[in-house]
Amino acid sequence: MENQKEKTTIVLFSGDLDKAIAAFIIANGAAAYDHDVTIFFTFWGLNTMRKDEIVKVNKGFLEKAFGWMMPRGAKKLGLSKMNMMGMGPEMIKHVMKKHNALTLPQLIELAQEQGVKLVACTMTMDLLGLKQEELLDGMEYAGVAAYLGDATQAKVNLFI
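These notes cover the structure that comes with them. Source: prediction; values computed, not measured. (Residues numbered from 1 in each chain as written. Predicted model: local features only at pLDDT ≥ 70, side-chain atom pairs only at ≥ 80, totals over all residues. Heavy atoms only, no water.)

**A few points about the sheet that holds strand β4 (residues 140-142)**
Strands sit in the order β4-β3-β2-β1-β5 across an open sheet of five strands; the sheet is parallel. In the strand order of this sheet, the two ends are held by β4 and β5 (156-159), each with one partner. Taken pair by pair, the neighbouring strands of this sheet meet at an average axis angle of 20 degrees, ignoring direction. Note that strand β2 (residues 36-41) and strand β3 (residues 117-121) share four bridges and pair parallel. By the bridge assignment for β3, F41 is matched with A120. Along the sheet, helix α6 (residues 144-151) contacts β1 (7-12), β2, β3, β4 and β5; its crossing angle with β1, the most-contacted strand, is approximately 145 degrees. (Pairing = 2+ DSSP bridges. Helix = DSSP H or I, 4+ residues; strand = E, 2+ residues; numbered from the N terminus. Axes fitted to C-alpha atoms, helices over the stretch in contact; angles between N-to-C directions. Contact = heavy atoms within 4.5 Å.)

Shown next as C-alpha cells:
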C-alpha cells in the first residue's frame, strides 16, 4: 500500500499583510514537510496575488472602482493592527529585513517553487471584477467545490 501524502489547505480570506505572511509561512512549512498544500484565495485575500503593475482589461465602472480601491499586490497590503496610515507595514518590513526574514513576495515565490497549489476563487473574482490577467502567473482558478475537494482530504484546514 502506497503512503498518501498529508494534505494541508488554507483559505486566505484576509487582505492584511501580517495574515498573508502567516498563511505563506505555514504553507511553506507544510510543503517543506512534504504535505500537498492548497491556498484558496477569496475576497480580500485575492489582493495578495494581484500583479503590482496595472493590467489593461475591459471592465465596467463598478469593477474599475473596486480595482482602484483595493491594494495591488503583496507589496501594497496593510496591517490588521497598527497600520498607522501605511507606516505600520513599512516598520514590519524593516524589522523583517533586519532579522533576515523572507518578504511576502519571496514567500509567494518559495511557495510556487515548492509546488503549493494557489487557487483563486472564481466567484469572488466575478464579484470584485478581477480578471485572470491581473493575477500572478501560475494561479489556478476554481470555485468552492474544488476547495472542498482538497479540504475533505486534508488533516489541516485553516481559515485566515
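**Points about helix α3 (residues 87-98)**
Helix length check: α3 (12 residues) gives 17 Å between terminal C-alpha atoms against 16 Å at 1.5 Å per residue, within 8%. Along α3, the residues classified as buried are G88, P89 and M96. Buried residues in α3, looked at end-on, bunch into an arc of 95 degrees, giving them a common side. When the buried face of α3 is taken as reference, the exposed residues oriented beyond 90 degrees from it are M87, H94, K97 and K98. Contact partners of the buried residues in α3: α1 (17-32). Positive phi shows up at N100, right after α3, with a value of about 55 degrees. (Expected span 1.5 Å × (residues − 1). Buried < 20%, exposed > 50% of the residue type's maximum accessible area, 1.4 Å probe, protein only. Arc of directions from axis to C-beta.)

**Things to note about the packing of aromatic side chains**
Taken as a whole and assessed by the stated rule, the structure comprises five aromatic pairs. Ring centres 5.8 Å apart and planes at 45 degrees place the aromatic pair F13 and F43 in the tilted group. Of this pair, F13 sits in the loop between β1 and α1 while F43 is found in the loop between β2 and α2 (61-69), placing the two residues 30 residues apart along the sequence. Put simply, the rings of F13, F43, W44 and F159 touch in pairs and so form one group of aromatic residues. (Phe/Tyr/Trp six-rings, centres within 6.5 Å; stacked < 30°, edge-to-face > 60°.)

All we've got here are geometric facts, nothing functional implied.
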